[in-house]
Amino acid sequence: MAVLPPDPVYVLRCPDKVSPNSLCFHQNDRLLAGTLKGNILLWDLQTNRSSLRFSVGSEPIISLHHTHDLLISQEKYGTVAFWCMENAGYTRHRTLNTQHIGFCRSVLLDNLLFYPSGEDSIGIFHLNDPNGFSQTLVPTKDTQSPKLGMVVCLKAFKFAAKYYVLAGYESGHFITWDIDLGEAVDVHAMRENSMALDYDPCTNRGIIGGSSENLTVFSYQREMMKLQPCGDMSVKNPGINCIRIRSDLKILSTGGLDGRIRIFSWKSLRPLAVLTEHKTGAIMDISYSTDKVTIWKSPIMAVAGMDSVISLWDLYN
């Protein structure tokens, strides 16, 4: 008999039928969602009640990050805001104007925030620097042939005590940047219309998805940090909006434009389940808690859909 897909442990419904566009956990028992209308919603997962709602702006919030006491929001039209926890809410502390309009999500690694800057550059903001030190990675003429277009997806990672960031561009090229050197160490033509990627340096394997039905598997030739395609995986319907490898390296999750959440074994890349809780619209974001959520005594995966629903899952823990 076919194994039926699991049910979510809980479903959160956004007030006023607003669509969540980005997610992040804070200390596991708190879940924040950035909406298409520029609001941030906060749920207390011990009660599953929405405990806070505040406005960031009027544009879609495309990414959220939370450190111990700092919330970072990124809007579609380029504003990155830093919010300090204060009493029962948040107060805006600093704002960056990245001069980037698009849907490329920022990435937080340790105390470095990587974000798209302008059309084809990458900004790096150092959270621990009291003066707000930042640097910019700008493609040179060598890496600009042919024209790259906008940055569409980012993944920062650490290998051998060095920081790198992999950036995908509209042209289908992927550039690997060495942060210490401040320069590109590899340029590789992959496929156009990429929208999402993730990479795990422990297993030296990553996944790229986009508007087609194919997921491209890649790795690095580590001595020279050269990107190497390793083949494709295909899904039933085209359009992959987000890709997330869980930190325990057990599963890979993808969110599709068809509203499906596809779960794969990260070790074998074998399909494990297709989750169909979201009935209409695309999957916009996927986030994992870093540890157990108290009420379910297990790590949780949160999924945001265009149907104004956030589904919570306890999967293959």
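Residues numbered from 1 in each chain as written. Predicted model: local features only at pLDDT ≥ 70, side-chain atom pairs only at ≥ 80, totals over all residues. Heavy atoms only, no water.

Identification of the protein chain as Guanine nucleotide-binding protein subunit beta-like protein 1 isoform X1 from Glossina fuscipes is taken from an unreviewed UniProt entry.

Enquirer: Can you explain the nonpolar core? Please cite residues and give values.
Expert: As a rule of thumb, nonpolar side chains are buried together in soluble globular proteins. Phe114, Ile122, Leu154, Val165, Tyr169, Trp177 and Ile179 are the most contacted members of the largest nonpolar core, which totals 19 residues. Those elements giving two or more residues to this core turn out to be strand S10 (107-109), strand S11 (112-117), strand S12 (121-126), strand S14 (151-159), strand S15 (162-169) and strand S16 (173-178). Sorting elements by how many residues they give to this core places S15 first, with four residues. Those residues in contact with Ile122 that lie beyond four places of it in its chain are Tyr115, Ser117, Gln135, Thr136, Leu137, Leu154, Val165, Ala167, Tyr169 and Trp177. (Core = buried A, V, L, I, M, F, W, Y, C linked by side-chain atoms within 4.5 Å. Buried < 20%, exposed > 50% of the residue type's maximum accessible area, 1.4 Å probe, protein only. Helix = DSSP H or I, 4+ residues; strand = E, 2+ residues; numbered from the N terminus. Contact = heavy atoms within 4.5 Å.)

Enquirer: Residues and numbers for the sheet that holds S15, please.
Expert: Within the open sheet, the four strands sit side by side as S14-S15-S16-S17. Their pairing is antiparallel. Both outer strands of the open sheet, S14 and strand S17 (183-189), are each paired with one neighbouring strand and no more. Ignoring strand direction, the axes of neighbouring strands in this sheet form an average angle of 20°. (Pairing = 2+ DSSP bridges. Axes fitted to C-alpha atoms, helices over the stretch in contact; angles between N-to-C directions.)

Enquirer: Tell me about the sheet that holds strand S1 (residues 10-13), residues and numbers included.
Expert: Strand order in the open sheet formed by four strands is S1-S28-S27-S26, with antiparallel pairing between adjacent strands. Of all the strands in the sheet, just S1 and strand S26 (283-288) have a single pairing partner and so form its edges. Averaged over all pairs of adjacent strands, the angle between their axes in this sheet comes to 20°, without regard to strand direction. Inspection of the sheet shows S1 paired to strand S28 (residues 309-313) by four bridges, in the antiparallel sense. The residue bridging Val11 from the neighbouring strand is Ser311, located in S28.

Enquirer: A description of the side chain of His100 should follow, citing residues and the corresponding values.
Expert: Along the chain, His100 falls in the loop between strand S9 (89-97) and S10. A polar contact is formed between the side chain of His100 and the backbone oxygen of Gly118, at a distance of 2.8 Å. His100 has contacts with Lys76, Tyr77, Gly78, Pro116, Ser117, Gly118, Glu119, Met150 and Val151, leaving out every residue within four places of it along the chain. (Polar contact = N/O pair within 3.5 Å; in protein donor to acceptor, adjacent residues only side chain to side chain.)

Enquirer: Explain the packing of aromatic side chains to me, and be specific about the residues and the numbers.
Expert: Taken as a whole and judged by the stated rule, the model has 10 aromatic pairs. Relative to Phe125, the ring of Phe82 has its centre 4.9 Å away and its plane inclined at 35°; by these criteria the two rings are tilted. Residue Phe82 is found in strand S8 (residues 79-86), and its partner Phe125 is found in strand S12; the two are separated by 43 residues along the sequence. There is no split in this pair, since Phe82 and Phe125 are both buried. One aromatic cluster is present, built from ring pairs that chain together Phe157, Tyr164, Tyr199, Phe218 and Tyr220. Sitting over the ring of Trp266, Arg205 keeps its end group 4.4 Å from the ring centre. Directly above the ring of Phe159 sits Arg222, whose terminal nitrogen or CZ lies 3.9 Å from the centroid. (Phe/Tyr/Trp six-rings, centres within 6.5 Å; stacked < 30°, edge-to-face > 60°. Lys NZ or Arg CZ within 6 Å of the ring centre and 35° of its normal.)

Enquirer: Could you give me a rundown of the environment of Cys202, with the residues and numbers involved?
Expert: For Cys202, the position within the fold is in the loop between strand S18 (194-200) and strand S19 (205-210). Remark: the alpha-carbon pair of Cys202 and Lys158, spanning 44 residues in sequence, is separated by 9.6 Å.

Enquirer: Before we move on, could you go through the pairing of strand S23 (residues 251-256) and cite the residues and values that matter?
Expert: Sheet faces and side chains relate simply in a regular strand, where the side chains alternate between the two faces. Of all six residues that make up S23, six are buried, and the element is covered over most of its length. Here S23 shows no split at all, with Ile251, Ser253 and Gly255 on one side and Leu252, Thr254 and Gly256 on the other all buried. For S23 and strand S24 (residues 261-265), the ladder comprises five bridges, and the chain directions are antiparallel. In the sheet register, Thr254 faces S24, and the bridge partner there is Arg262.

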